[in-house]
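Coordinates in review
Chain residues, written in single-letter form:
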Amino acid sequence: MIVGQRLGAYDILSLIGRGGMGEVYRARDTKLGRDVAIKVLPAALTSDPERLARFEREARVLASLNHPNIGAIYGLEQSGDVRALVLELVDGPTLAERLQAVRSGSSRTRHPEQAVVSGFSQTDGLPVAEALTIARQIGDALDAAHEKGIVHRDLKPANVKLTPAGVVKVLDFGLAKTHTDVPAADLTNAPTMSAGPTEDGVLLGTAPYMSPEQARGQAVDKRTDIWAFGCLLYELLTGRRAFPGETLPDTLAAIIGRGPSWDVLPAATPPSVVRLLQRCLEKDSRRRLRDIGDARTDIDDALSGAAAQTVPTTVLPVRSRLAWSVAALLFVALVGTLALGWRLLPRAPAETAPAFSRIARLTSGPARDIGPAISPDGKWVAYLSNARGPMDVWVKFLASGDAANLTVGANLDVSGSTGIAGLDISPDGTRIAVMAKPRGSSEAFSTWELPAPLPGVPHKLLDTGFLGARWSPDGRQVAFIRAGSSAGDALWVADADGANRREVIAARDGMHIHWPSWSRDGRIYFLTTFFTIANLDQSEIYRIDPRGGAMEAVVSTLRRAVFPLPMPNGAGLIYAANPTSEELSLWWRPSGPGEPHRLTTGVGEFAEPRMSADGRKLVFTLYELRQSLTRIPVTSILATDSADITNGYGGDLDPSLAPGGDRLVFSSSRDGNRHLWTARIDGGDIRPLTSGESQDTRPAYSPDARQIAFVSDRGGRRAIWIISADGGSPRKLVDAALTGGLSWSRDGLEIVYAASAGAWPGLWSVSVGDARVRRLPTPGAAAEPVWSPTRDLIAYLQPATSGPGFNRLAFVDSAGQPQYSALPPAPDIPAGFVNGMQAWSPDGRRLAVVAQNTNAPASIWIVDPDARGNPYRRLIELPIGPRIRGITWTRDGSAIVIGKHDTTSDIVLMDQAQ
């Protein structure tokens with residue numbers, strides 16, 4: 001095959017791999033509009049009719065495997081003499097690549113305090129909890145295959161992929177097992193005997209993972225997969241192969257005659273896992289573990305640990321970034337001392353802050369579990385999860401641990417975002433409010449009502465665009481948001497059935513109103529913000545009496561205060577905030593005078609709290625952040641061509657590249673607060689630039705690369721600061737209520753920014769020399785300005801000032817005169833460049849512009865305002881979930897670098913002391 005050719009309904013895009021089984025290409029399915037992998041079969045197989053018929057027959061059997069941890073087979077295609085398999089395209093590194101990255105030390109930077117993570121010591125392998133979580137998913141895949149009588153026979157790290165969402169995908173079930181020298185052998189029984197790269201005419205596979213019976217050429221069954229599973233788990237834990245050998249004969253001799261070195265296992269490997277390894281690696285298949293399902297049980301026991309035990313109140317916190325699959329790492333507890341890799345702070349007196357004595361993890365694994373609500377009687381929890389693939393509403397019964405999917409047959413597309421609100425349960429416990437729309441519909445999301453806690457027929461509660469419904473404590477009213485996108489949101493109330501609606505707070509100035517919640521005295525609490533990039537921007541908590549009155553500030557901050565939850569008994573407010581750190585913790589503050597009290601601390605963000613009616617049970621979402629600098633080629637349309645510059649566990653965002661150079665400045669939370677750091681474009685030579693108790697964000701290099709401007713709250717006010725690119729003491733330039741980033745003029749004398757002046761934000765410029773500020777007139781509101789590096793031209797995003805809102809790209813010169821007024825709106829983006837940002841290419845001819853609307857994938861567009869015809873080209877679209885903060889170009893204009901924010905998440909329950 002040749003890139004650019006067509007195979008049936010598939011356009012061949014690029015070559016992504018070669019092996020003895022043939023070449024693998026990325027292709028575009030023109031019928032279904034998706035990217036797939038095309039594996040072209042070798043001529044030795046396709047030229048033999050008998051072998052080809054057997055192969056096609058078995059491919060049909062393998063296609064019956066439908067499991068989230070197995071790479072899917074979509075079909076067989078033929079064009080002339082070319083036969084090819086159509087496979088699921090799985091992005092992400094292979095397990096072999098992940099292990100190699102750990103061995104080379106490039107996947108994470110260890111600190112002394114990271115010697116123990118969630119109770120497990122580090123080794124040359126993966127963290128124990130991560131290794132077990134990966135193995136658990138591999139076991140799930142094997143179990144599904146074994147139930148259908150399918151044996152993999154070539155399980156090895158290169159045949160396992162790790163998606164960016166943390167999902168394990170086992171590839172090549174039964175498809176790489178032919179040998180021209182053994183035509184009588186059935187495809188499902190052929191052994192594999194290659195210690196290195198494979199070639200046509202030899203047995204395919206990798207010797208270090210063969211079972212003894214496989215190495216001897218004997219018939220194999222599912223126990224050969226169990227042996228390979230043991231080899232994989234051993235390697236995950238230790239970073240080395242169970243049966244090493246310099247040559248193929250040495251390796252086979254070790255498999256048949258020697259055992260693995262058990263003393264290299266991490267000291268904290270749970271005893272049950274050691275026993276599991278010994279059972280999997282029994283050389284006599286009759287004594288080996290007979291069912292992979294038994295392995296899953298042992299791993300679950302090891303992972304669960306003391307997850308439901310009482311949490312001590314004097315444990316020192318573990319402050320470290322957990323590597324890769326932190327959702328699973330938090331699941332691990334050090335028995336008797338540590339639960340979930342975090343602790344509760346010492347309890348305040350019972351008459352003030354609530355005191356919690358037990359923690360239970362309700363969900364775990366790779367699924368995205370968010371937005372919980374707990375029933376008034378505290379017996380079950382509803383939450384959103386994509387465990388099935390699409391987002392669904394699930395209910396978990398606390399007494400039994402059973403879970404039910406309420407929307408699997410409801411014909412609804414459920415919102416995958418909780419930016420506006422999560423779920424709500426009616427005060428009588430019979431209904432759940434959720435943001436959804438009819439499946440496949442192009443209309444906007446609205447509020448639907450589901451019977452609960454068992455499935456039933458849903459119905460639409462509120463009209464399209466009315467979201468985030470919350471019932472009043474007596475069940476007679478409902479509060480909700482009229483979402484206006486960039487134009488701002490409005491707060492409404494109505495009767496419980498949606499009738500008698502009235503507006504309480506009108507949309508104004510682009511202010512977003514999210515997460516309404518009723519207090520016992522009938523007030524509505526909510527958060528406000530002006531940008532909604534995954535709740536990363538400044539936000540505050542207000543309240544209002546819907547019967548009449550003005551907004552009252554409850555929690556004012558220069559950072560983030562979100563997810564207000566009035567206590568059911570009226571004794572204060574629980575919310576999430578980060579007044580002293582980068583990540584959110586849960587806080588409590590009294591209704592009257594008194595200081596806030598911190599309830600939780602630890603790795604990850606504690607968010608979206610909800611409480612039972614008696615105030616004794618609290619559920620919340622525990623997010624682990626992965627914030628990485630990612631490089632994306634501008635000349636390619638393939639998402640697989642992007643590569644992380646940093647691994648994501650330092651909390652890296654806001655990149656800016658030195659003009660004409662190869663050094664990045666970015667904001668990072670790797671020291672606990674968000675400060676500025678610099679690094680080479682390849683991620684090496686990372687150095688701190690700022691420090692202190694401040695939050696330093698949105699850095700921008702000056703045109704001569706000698707200075708860096710940034711936004712900071714140091715000194716207790718939000719302001720623009722400047723620091724030498726070589727370090728030193730920063731100096732404050734001007735106080736400003738900024739709503740985005742900064743950009744230098746091409747001569748380096750001014751900095752342009754967007755800020756509010758009591759109403760809609762507009763454009764401002766400050767002189768670097770004397771701090772003189774001037775307003776740049778614009779036809780409307782303005783956000784995220786960037787000054788061209790080659791001419792007097794400022795590009796900015798122009799939010800709509802009336803709902804539902806559409807952000808367009810606009811231009812002015814330094815005098816405020818509009819430019820490119822005839823530029824058409826961006827196509828195929830429902831809300832335009834909402835919550836976006838942009839960066840000029842080094843030659844000043846093109847813009848890279850980000851669009852990231854709620855419930856839609858974030859996308860990046862290349863815009864050429866001088867182009868004839870359509871000036872917009874979509875460069876890349878991320879999957880739903882990740883968001884972008886910060887974008888810059890490489891000096892040759894061949895690639896862009898973004899700050900990518902992604903999360904894993906689970907639902908956690910805390911019980912209050914009796």
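All of these numbers come straight from a predicted model, not from anything done at the bench.

**Things to note about the overall build of the chain**
From N to C terminus, the chain includes 10 helices and 59 strands. For the chain, the proportion of its 914 residues judged to be buried stands at 60%. Within the chain, counting contacts between residues at least 6 apart in sequence, those at least 24 apart form 51% of the total. Just so you have it, the chain exposes about 34400 Å², and 49% of that area is on carbon and sulfur atoms.

**Let's talk about the pairing of strand β24 (residues 490–495)**
Along β24, 5 of the 6 residues are buried, which leaves the element largely enclosed by surrounding structure. Pairing between strand β23 (residues 477–482) and β24: 6 bridges, direction antiparallel. The partner of V478 across the bridge, within β24, is A494. Strand direction decides the pairing type here: β24 and strand β25 (residues 502–505), joined by 3 bridges, are antiparallel. Each bridged residue has a counterpart across the sheet, and for L491 the counterpart in β25 is I505.

**Describing unusual backbone geometry**
What you tend to see is this: most non-glycine residues have negative phi, and most peptide bonds are trans. Of the consecutive residues A452 and P453, the connecting peptide bond is found in the cis state with omega at 5°. Counting through the fold element by element, P453 comes out in the loop between β20 (446–451) and β21 (459–460). A positive phi angle is found at D654, which is not glycine, with a value near 60°. Inspection of the secondary structure assignment puts D654 in strand β38 (residues 652–657). One non-glycine residue with positive phi stands out, namely A705, at about 65°. Counting through the fold element by element, A705 comes out in the loop between β42 (696–701) and β43 (707–712).

**A few points about the sheet that holds strand β30 (residues 561–566)**
An order of β30-β31-β32-β33 is seen for the 4 strands of this open sheet, with the pairing classed as antiparallel. The open sheet is flanked by β30 and β33 (597–598), the only strands paired with a single partner. One ladder, built from 5 bridges, connects strand β31 (residues 573–577) with strand β32 (residues 585–589); its direction is antiparallel. Looking across to β32, one finds that A577 is bridged to S585.

**Here we look at the pairing of strand β19 (residues 431–438)**
For β19, a buried count of 6 out of 8 residues is recorded, marking the element as mostly surrounded by other parts of the structure. Taken together, the 3 bridges between strand β17 (residues 412–414) and β19 define a ladder with antiparallel strand orientation. Its bridge partner being in β19, V414 is matched across the sheet by A436. When strand β18 (residues 424–425) meets β19, the two strands line up antiparallel, connected through 2 bridges. Across the sheet, D424 pairs through a bridge with A433, a residue of β19. Linking β18 back to β19 in an antiparallel pair, the connection comprises 5 residues, with G429 at a positive phi of about 75°.

**Some points on helix α6 (residues 222–238)**
For α6, spanning 17 residues, the distance from its first C-alpha to its last is 25 Å, which sits close to the expected 24 Å at 1.5 Å a residue. Taken across its 17 residues, α6 has 16 buried, putting it largely inside the fold.

**With respect to the nonpolar core**
Membership of the largest hydrophobic core comes to 54 residues, with the highest contact counts inside it found for L95, I138, L155, F229 and L233. Those elements that place two or more of their residues in this core are α3 (95–104), α4 (128–147), β9 (160–162), β10 (168–170), α6, α7 (248–257), α8 (271–280) and α9 (292–304). Discounting residues that sit within four places of it in the chain, I138 has contacts with L95, L155, V160, V168, V170, F229 and L232. Membership of the second largest hydrophobic core comes to 45 residues, among which are V393, A410, L527 and A607.

**A few points about the environment of G548**
Within the secondary structure layout, G548 lies in the loop between β28 (539–544) and β29 (552–555). For the pair G548 and V504, spaced 44 residues apart in sequence, the C-alpha to C-alpha distance is 8.0 Å.

**Quick notes on the sheet that holds strand β50 (residues 783–787)**
The strand order across the open sheet formed by 4 strands is β50-β51-β52-β53, and the pairing between neighbours is antiparallel. For this open sheet the edge positions go to β50 and β53 (818–819), each flanked by a neighbour on one side alone. Relative to β53, strand β52 (residues 808–812) is paired through 2 bridges, and the arrangement is antiparallel. Of the residues in β53, the one forming a bridge with V812 is P818.

**Here we look at the state of the cysteines**
In this structure the tally under the stated criterion is 0 disulfides. Free cysteine C231: the closest other cysteine sulfur is in C280, separated by 9.2 Å. For C231, a relative accessible area of 1% corresponds to the buried category.

**Section: the confidence of the model for the chain**
Scored by pLDDT, the chain comes out at a mean of 83, with 85% of its residues at no less than 70. β43 holds the highest mean pLDDT among the elements of the chain, 98, whereas strand β7 (residues 116–117) holds the lowest, 30. In the predicted structure, residues 306–351 sits below a pLDDT of 50 and forms 142 contacts with residues beyond four places in sequence or in another chain.

**Some remarks on the environment of K31**
Relative to the helices and strands, K31 is located in the loop between β3 (22–29) and β4 (34–40). Along the chain, K31 and A9 lie 22 residues apart, while their C-alpha atoms are 6.5 Å from each other.

**Some details on the pattern of salt bridges**
In this structure the tally under the stated criterion is 48 salt bridges. The salt bridge involving E552 is made with R543; its shortest N-O contact spans 3.5 Å. You can call E552 partly exposed: its relative accessible area is 33%. Where D644 meets R626, a salt bridge forms, and the shortest distance between an N and an O atom there is 3.4 Å. Of the two residues, D644 is situated in strand β37 (residues 643–644) and R626 in strand β36 (residues 617–633); the sequence distance between them amounts to 18 residues. Of the residues examined, R626 reaches a relative accessible area of 24% and is grouped as partly exposed. A single network of salt bridges, built from pairs that share partners, joins R136, D140, D143, R296 and D300.

**A few points about the side chain of D713**
For D713, the position within the fold is in the loop between β43 and β44 (719–724). Among the residues examined, D713 registers a relative accessible area of 10% and is labelled buried. Those residues in contact with D713 that lie beyond four places of it in its chain are L558, R559, S694, Q695 and R718.

**Side note on empty space enclosed by the protein**
It is a probe the size of a water molecule, rolled over the atoms, that shows where empty space is left. Inspection of every chain in the model, using the stated rule, returns 10 cavities of 30 Å³ or more. Considering only enclosed or pocket space, the second largest cavity measures out at about 140 Å³ in volume. Taken together, 14 residues form the lining of the second largest cavity, with S486, G510, F530, F531 and P799 sitting closest to its centre. The class makeup of the residues in the lining of the second largest cavity is 7 nonpolar, 6 polar and 1 charged.

**Side note on the packing of aromatic side chains**
Under the counting rule described, the total for this entry stands at 10 aromatic pairs. Seen from their ring centres, F526 and Y542 are 6.4 Å apart, and the 15° between their planes marks the pair as stacked. Separated by 16 residues along the polypeptide, F526 in strand β27 (residues 524–529) and Y542 in strand β28 bring together distant segments of the chain. As far as the burial class goes, F526 and Y542 line up, both buried.

**With respect to the environment of Q278**
Here Q278 shows up in helix α8. For Q278, a relative accessible area of 36% translates into the label partly exposed. Considering only alpha carbons, one finds Q278 and G259, 19 residues apart in sequence, at a separation of 9.5 Å.

**Considerations on α7**
Turn by turn, an α-helix covers 3.6 residues, leaving residues three or four places apart pointing in a common direction. Buried within α7 are the following residues: T251, L252, A254 and I255. For α7, the angular spread of buried residues about the axis comes to 155°, placing them on one side. Facing away from the buried surface of α7 by more than 90 degrees, the exposed residues are P249 and G257. Each element contacted by the buried residues of α7 is listed here: α5 (212–215) and α6.

Rules behind the numbers
Residues numbered from 1 in each chain as written. Predicted model: local features only at pLDDT ≥ 70, side-chain atom pairs only at ≥ 80, totals over all residues. Heavy atoms only, no water. Helix = DSSP H or I, 4+ residues; strand = E, 2+ residues; numbered from the N terminus. Buried < 20%, exposed > 50% of the residue type's maximum accessible area, 1.4 Å probe, protein only. Contact = heavy atoms within 4.5 Å. Areas by Shrake-Rupley, 256 points an atom, 1.4 Å probe, with all protein chains shown as cover. Pairing = 2+ DSSP bridges. Expected span 1.5 Å × (residues − 1). Core = buried A, V, L, I, M, F, W, Y, C linked by side-chain atoms within 4.5 Å. Disulfide = S-S within 2.5 Å. pLDDT = per-residue confidence, 0-100. Salt bridge = Lys/Arg side-chain N within 4 Å of Asp/Glu carboxyl O. 1 Å grid on protein atoms, 1.4 Å probe; cavity = no way out; pocket = protein on both sides within 12 Å on 5 of 7 lines; lining within 4 Å. Points joined across faces, edges and corners; volume = space filled by probe spheres on them. Nonpolar A, V, L, I, M, F, W, Y, C, P; charged D, E, K, R; others polar. Phe/Tyr/Trp six-rings, centres within 6.5 Å; stacked < 30°, edge-to-face > 60°. Arc of directions from axis to C-beta.

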